[in-house]
Amino acid sequence: VIDKSGSMSSEDKLDLVKEAARQTARALEPSDQLGVIAFDSRPQTVVRLQPASSRFRISSDIRRLTSGGGTNA
């Protein structure tokens, strides 16, 4: 789960979180399952649950995340 709210745009916070998520995906075994949900005022599926062997697609989907919106409280 990744916070992509507007507050994540300061100081490259979202870039750091995206890199951590991509590194996590790389560390998984190919048969492991991975899904990514991003949220601001509502949740959004970024990576549907799938085998971690789809590393290129997973990394690309995470890389496209942008910050914006408020945080759902």
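Our structure's up above, just so we're on the same page.
Residues numbered from 1 in each chain as written. Predicted model: local features only at pLDDT ≥ 70, side-chain atom pairs only at ≥ 80, totals over all residues. Heavy atoms only, no water.

**What about unusual backbone geometry?**
Unlike most non-glycine residues, Glu 11 shows phi in positive territory, near 55°. Within the secondary structure layout, Glu 11 lies in the loop between β1 (2-3) and α1 (13-27). A relative accessible area of 71% places Glu 11 in the exposed class. The phi torsion at Asp 12 lies on the positive side, around 60°, for a residue other than glycine. Mapping Asp 12 onto the fold places it in the loop between β1 and α1. (Helix = DSSP H or I, 4+ residues; strand = E, 2+ residues; numbered from the N terminus. Buried < 20%, exposed > 50% of the residue type's maximum accessible area, 1.4 Å probe, protein only.)

**Section: the pattern of salt bridges**
In the structure shown here, the tally under the stated rule is 6 salt bridges. One salt bridge in this structure joins Asp 40 and Lys 4, with 3.2 Å as the shortest N-O distance. Within this pair, whereas Asp 40 is found in the loop between β2 (33-39) and β3 (43-51), its partner Lys 4 is found in the loop between β1 and α1, the two being separated by 36 residues in sequence. A cluster of three or more residues bridged by salt bridges with shared partners is formed by Glu 19, Arg 22 and Arg 26. (Salt bridge = Lys/Arg side-chain N within 4 Å of Asp/Glu carboxyl O.)

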